[in-house]
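Residue strings, one per chain:
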Amino acid sequence: MASGGANGEFSFSSSTTAAANRAGSGRNGLPKIQTQDSAKKAEDLCYDDSATPVKAQTLDELHSLQKKRSTPSTPITAPAAAGNQSEEERQRQQLQSISASLASLTRETGPKVVKGDPARRSTAPKVGHVEHYAPSISVTDSSLKFTHVLYNLSPAELYEQAIKYEKGSFITSTGALATLSGAKTGRSPRDKRVVRDDTTEGDLWWGKGSPNIEMDEHTFMVNRERAVDYLNSLDKVFVNDQFLNWDPEHRIKVRIVSARAYHSLFMHNMCIRATPEELENFGTPDFTIYNAGQFPCNRYTHYMTSSTSIDLNLGRREMVILGTQYAGEMKKGLFGVMHYLMPLRGILSLHSGCNMGKDGDVALFFGLSGTGKTTLSTDHNRYLIGDDEHCWSDNGVSNIEGGCYAKCIDLSAEKEPDIFNAIKFGTVLENVVFDEHTRQVDYSDKSVTENTRAAYPIEYIPNAKLPCVGPHPKNVILLACDAFGVLPPVSRLNLAQTMYHFISGYTALVLLPRFRSFFVVSCSCSFTRPNRLTKC
Ligand SMILES: Nc1ncnc2c1ncn2[C@@H]1O[C@H](COP(=O)(O)OP(=O)(O)O)[C@@H](O)[C@H]1O
Ligand SMILES: C=C(OP(=O)(O)O)C(=O)O
């Protein structure tokens with residue numbers, strides 16, 4: 001039994017130990033564990049208590065001292081058109097916009113949308129509730145409840161939400177948030193549908209060979225309603241208002257409504273993060289994602305061939321996700337939107353990584369999934385502009401995203417140090433396996449999936465180029481997985497050859513990463529205008 005000795009020493013009560021203590025050594029002859037002089041300590045504590053009284057009477061009061069109110073980094077300036085808009089009015093408009101996003105299109109009333117965490121019952125809603133429409137006699141049960149909106153939460157707040165409420169969420173030894181994406185651990189391209197209507201009939205590639213599988217507007221609305229009803233049935237939803245495209249002239253405002261903190265943090269990392277000032281004037285989004293991934297689609301619905309459906313409606317500028325929680329669907333779904341919107345503005349959207357040398361020479365890395373865009377564009381000797389999605393306009397190149405989505409299988413500090421070190425607080429780590437005690441990740445473990453991923457903000461890469469824009473590219477590199485040695489390891493191509501191989505898009509699909517060989521085509525090219533490439 002251990003007890004404190006009269007002189008403040010830590011001692012054991014057995015006679016052997018007491019004898020050892022007298023002899024100046026601890027049990028088994030080990031040196032005694034020294035502690036402070038307890039009498040002096042008690043005196044100090046006494047003085048401390050009276051010198052700095054606690055500025056609270058209760059624990060709740062003490063907790064309330066812990067948190068300072070967030071304030072925008074610059075004073076709130078009234079937008080010219082809106083005149084002297086009060087903070088309260090601005091909040092009301094923001095809530096009304098979110099309320100409109102969540103509105104059912106078939107019922108007249110919906111839940112009352114309020115801001116804030118429902119778990120903090122003592123905190124009154126920031127703004128009074130907003131009905132979707134004026135109350136009518138056709139009141140439904142759903143109109144009697146509240147839906148709490150967790151709006152643009154910070155990574156720290158999202159960590160707390162995930163760990164508290166989402167099974168399979170843990171903090172790893174380097175501070176990343178480990179999560180599980182559920183039954184789906186990769187994208188579901190066969191479950192993707194695009195609404196074929198007047199907007200898209202002439203602009204999109206339909207029919208044999210096209211990746212665009214059509215659905216009609218009515219079926220989209222059925223799925224949209226299903227997703228909105230699911231989200232409205234929850235106590236709380238996450239809403240992210242963010243941007244796409246670092247080129248300020250062609251920036252797109254996106255809103256992501258989701259049910260999981262994991263999804264909100266993933267998009268926080270992957271889209272461009274708005275400053276508090278930009279959020280003040282965010283207004284109506286250009287595009288909205290409804291992510292109801294935990295809820296399946298109804299297979300009796302026309303066009304549905306599984307319980308998963310990812311539906312894009314370019315006319316309504318909306319995307320609905322049902323039956324998959326894999327976060328990459330949101331990222332790639334938005335990329336599809338940019339592939340539609342940007343060419344209409346004469347801008348080429350590129351599925352490529354992009355980096356820049358010290359002399360300003362920009363290189364593009366094209367390739368299908370897994371060919372090495374993220375790995376090779378994250379080059380310690382060059383500035384990273386982006387790892388996956390870019391726009392090429394008369395202004396040069398710009399990254400569409402605000403973060404990177406790296407594959408983690410067999411990741412090591414030696415081979416990919418910048419990516420390895422980016423896996424820290426704020427990073428989402430999907431489907432990795434870790435030691436239950438030390439929380440050290442085993443990047444070689446494929447128990448959950450081989451497609452383990454890390455999503456982190458681009459500034460986690462030390463030599464990221466911020467803002468993520470650059471001049472016209474000087475070199476184009478085409479990457480391909482070639483398991484069968486069809487292609488030479490490296491070839492230098494002229495313009496016509498580059499166009500030919502770009503269209504061919506050869507990649508062997510059935511590969512494990514360790515068998516990959518990379519066909520790298522480097523072409524010193526003279527593309528100065530994007531429409532030249534558009535022709536191929
Ligand atoms: N020589 C190599 N070059 C690039 N990636 C490689 C190479 N050898 C193995 N890899 C692995 O292949 C994967 C490439 O994936 P990634 O860079 O994310 O591709 P993409 O961004 O094109 O989808 C990574 O897991 C990387 O570690
Ligand atoms: C987002 C994805 O694409 P990529 O492999 O190109 O990162 C994905 O496959 O989930």
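Here the structure is a predicted model, which is why all the values come from computation and not from measurement.

Caption draft 1: Geometry of the pattern of salt bridges. Counting across every chain of the model gives 16 salt bridges. With its nearest N and O atoms 3.2 Å apart, the salt bridge here joins Glu166 to Arg260. Linking Glu166 in the loop between α5 (155–165) and β5 (170–171) with Arg260 in the loop between β10 (252–258) and α8 (261–270), this pair joins segments that are 94 residues apart in sequence. What makes Arg260 buried here is its relative accessible area of 5%. Close ionic contact of Asp388 with Lys332 constitutes a salt bridge, the shortest N to O distance being 3.2 Å. One end of the pair, Asp388, is in the loop between β16 (383–386) and β17 (389–393); the other, Lys332, is in helix α10 (residues 328–344), and 56 residues separate them in sequence. With respect to burial, Asp388 and Lys332 carry one shared label: buried.

Caption draft 2: Local environment of the site of ligand 2. Neighbouring ligand 2 are Arg187, Tyr326, Lys331, Lys332, His351, Ser369, Asp388, Tyr405, Lys407 and Arg453. At 3.0 Å, a side-chain N or O of Arg187 approaches an oxygen atom of ligand 2. Lys407 has a polar side-chain atom sitting 3.1 Å from an oxygen atom of ligand 2. Protein chains shield 95% of the accessible area of ligand 2, which is 290 Å² for the free molecule. At the level of elements, α10 and β19 (403–407) are the ones that each hand at least two residues to the shell around ligand 2. A class-by-class count of the residues in the shell around ligand 2 yields two nonpolar, two polar and six charged.

Caption draft 3: Here's a closer look at the sheet that holds strand β23 (residues 453–457). The five strands are arranged β5-β6-β20-β23-β19 in an open sheet whose pairing can be described as mixed. Where the open sheet ends on each side, the last strands, each with one partner, are β5 and β19. Bridge analysis of β5 against strand β6 (residues 177–179) gives two bridges, and the strand direction is antiparallel. In the strand pairing of β6, Phe170 is matched with Ala178.

Caption draft 4: Focus on the pairing of β10. By the criterion of burial, β10 is predominantly enclosed, with six of the seven residues buried. Taken together, the seven bridges between strand β9 (residues 236–244) and β10 define a ladder with antiparallel strand orientation. Considered in β10, the bridge of Leu244 is made with Ile252. With five bridges connecting them, β10 and strand β11 (residues 287–292) associate as parallel partners. Paired with Ser258 across the two strands is Asn291, which belongs to β11.

Caption draft 5: Summary view of a nonpolar patch on the surface. A surface patch of nonpolar side chains, amounting to about 390 Å² of accessible area, comprises Val54, Leu59, Leu62 and Leu65. Within the fold, Leu65 resides in helix α3 (residues 59–66).

Caption draft 6: View of the packing of aromatic side chains. Within the structure shown, the criterion is met by eight aromatic pairs. When the centroid spacing of 4.4 Å and the interplanar angle of 35 degrees are considered together, the rings of Tyr159 and Phe425 count as tilted. In this pair, Tyr159 is assigned in helix α5 and Phe425 in the loop between α12 (417–421) and β20 (428–430), connecting sequence segments 266 residues apart. A residue is classified by how much of its surface remains accessible, and Tyr159, at 4% relative accessible area, is buried. When the centroid spacing of 5.6 Å and the interplanar angle of 45 degrees are considered together, the rings of Phe243 and Phe282 count as tilted. With Phe243 in strand β9 and Phe282 in the loop between α9 (276–280) and β11, the pair connects residues that are 39 residues apart, well separated along the chain. Relative accessible area serves as the criterion here: at 3%, Phe243 is assigned to the buried category. With relative accessibility at 2%, the residue Phe282 sits in the buried group. Arg251 extends its terminal NZ or CZ atom over the ring of Phe243, reaching a point 3.6 Å from the ring centre. Across from the ring centre of Phe282, 5.5 Å away, lies the NZ or CZ of Lys253, which sits over that ring.

Conventions used here
- Residues numbered from 1 in each chain as written.
- Chains lettered and ligands numbered in written order.
- Predicted model: local features only at pLDDT ≥ 70, side-chain atom pairs only at ≥ 80, totals over all residues.
- Heavy atoms only, no water.
- Salt bridge = Lys/Arg side-chain N within 4 Å of Asp/Glu carboxyl O.
- Helix = DSSP H or I, 4+ residues; strand = E, 2+ residues; numbered from the N terminus.
- Buried < 20%, exposed > 50% of the residue type's maximum accessible area, 1.4 Å probe, protein only.
- Near = heavy atom within 4 Å.
- Polar contact = N/O pair within 3.5 Å; in protein donor to acceptor, adjacent residues only side chain to side chain.
- Areas by Shrake-Rupley, 256 points an atom, 1.4 Å probe, with all protein chains shown as cover.
- Nonpolar A, V, L, I, M, F, W, Y, C, P; charged D, E, K, R; others polar.
- Pairing = 2+ DSSP bridges.
- Patch = residues over 30% accessible without salt bridge, like charges linked within 9 Å, V, L, I, M, F, W, Y side chains within 5 Å.
- Phe/Tyr/Trp six-rings, centres within 6.5 Å; stacked < 30°, edge-to-face > 60°.
- Lys NZ or Arg CZ within 6 Å of the ring centre and 35° of its normal.

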